[in-house]
Amino acid sequence: MSKTRVEIDFDKVNHNINYLKGEDEVCLIIKAQMYGMDYLHINEFINRGYNYFGVSTFDEALIIREINKDVKILILAPVEDDELVICQQLNLEVTIVTLEQMKKASKLNLIHLKFDTGMGRIGFNVNDVESLKSLLDQNNHNVIGIYSHFACADDDEKSYQQIDIFKSILEGFEDYPFKYIHIQNTIGSIKYKLDFVNLRRIGIGMWGFLANHYENNLFGE
């Protein structure tokens, strides 16, 4: 039997979170079994007052909802059409990335609009803003958030391009009072102090792990 063990100092994890989130609300990203730390430990965060969590998949969201029926849960990847009803019933926040998916969502779904500002994965783009606004006006969807994701947060040139694109998207939605506006991940939270966002997504950085020596040197400056 392996004698390997991991000891977690949640006081230090809590310190990391507070350092990274600044004055903004925080959504703790706990995908992939909390980066291998096990979902069993989610109560450590809940007991410390954290009540907003982000996961990758619908199945991960169900695990967290079974542990706690009250915390807010954002699913970062698009869900299947037949899962939208369950998300509505369980108050799970969903990510919408296409107009077709938007049409299939219920007015009772808690929705975040994901925009691709340079990551090159999934999401609306700036050319979708007018069509999306028209759809929102027609159907009165419950859109509570809008967000994007840095492609490489330690690349200043690329990141500032993404920030500018995201700001232009938000200007197109100036008449829509989104509750949550977010783009910063861990490194983005350290490097870019953005006054137009109000939520930060903190993932593996809360555990004290970053991608390389350069990023580790940023932590704690």
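Above: the structure in question.
Residues numbered from 1 in each chain as written. Predicted model: local features only at pLDDT ≥ 70, side-chain atom pairs only at ≥ 80, totals over all residues. Heavy atoms only, no water.

Considerations on the sheet that holds strand S4 (residues 92-96)
Here is step 1 of the chain: Reading across from one edge, S7-S6-S5-S4-S3-S2-S1-S8 is the order of the 8 strands in this open sheet, with parallel pairing throughout. One side of each edge strand has no neighbouring strand; the edge strands of this open sheet are strand S7 (180-182) and strand S8 (199-202). The mean angle between the axes of side-by-side strands here comes to 25 degrees, regardless of whether they run parallel or antiparallel.
Here is step 2 of the chain: Judged from the 3 bridges that link them, strand S6 (residues 143-147) and S7 form a sheet pairing that is parallel. By the bridge assignment, Ile146 is partnered in S7 with Ile181. (Pairing = 2+ DSSP bridges. Helix = DSSP H or I, 4+ residues; strand = E, 2+ residues; numbered from the N terminus. Axes fitted to C-alpha atoms, helices over the stretch in contact; angles between N-to-C directions.)

Some thoughts on the pairing of strand S2 (residues 52-55)
Here is step 1 of the chain: Neither face of S2 is exposed, since Tyr52 and Gly54 on one face and Phe53 and Val55 on the opposite face are all buried.
Here is step 2 of the chain: Relative to strand S3 (residues 72-75), S2 is paired through 4 bridges, and the arrangement is parallel. Among the inter-strand pairings, Tyr52 is bridged to a residue of S3, identified as Lys72.
Here is step 3 of the chain: As for the winding sense of the linkage, the β-α-β connection from S2 through helix H4 (residues 58-67) to S3 is right-handed. (Buried < 20%, exposed > 50% of the residue type's maximum accessible area, 1.4 Å probe, protein only. Right-handed = clockwise from strand over helix to strand, strands pointing away.)

Focus on helix H1 (residues 10-21)
Each α-helix winds once per 3.6 residues, and so residues spaced three or four apart point in a common direction.
Here is step 1 of the chain: An ideal rise of 1.5 Å per residue puts 16 Å on 12 residues; H1 measures up with 16 Å between its terminal C-alpha atoms.
Here is step 2 of the chain: Considered for burial, the residues of H1 that qualify are Phe10, Val13, Asn14, Asn16, Ile17, Leu20 and Lys21. Seen from one end, H1 has its buried residues packed into an arc of 155 degrees, which puts them on one side. The outward face of H1, more than 90 degrees from its buried face, is lined by the exposed residues Asp11, Lys12 and His15.
Here is step 3 of the chain: Buried residues in H1 make contact with strand S1 (25-29), helix H3 (42-47), helix H9 (186-191) and S8.
Here is step 4 of the chain: The residue sitting at the N-terminus of H1 and contributing the capping side-chain oxygen is Asp9; that oxygen lies 3.1 Å from the backbone nitrogen of Asp11.
Here is step 5 of the chain: One or two residues past the end of H1 sits Gly22, with phi positive at roughly 60 degrees. (Expected span 1.5 Å × (residues − 1). Arc of directions from axis to C-beta. Contact = heavy atoms within 4.5 Å. Polar contact = N/O pair within 3.5 Å; in protein donor to acceptor, adjacent residues only side chain to side chain.)

Overview of the environment of Asn18
Here is step 1 of the chain: Residue position: Asn18 is located in helix H1.
Here is step 2 of the chain: Separated by 188 residues in the primary sequence, Asn18 and Met206 place their C-alpha atoms 9.0 Å from one another.

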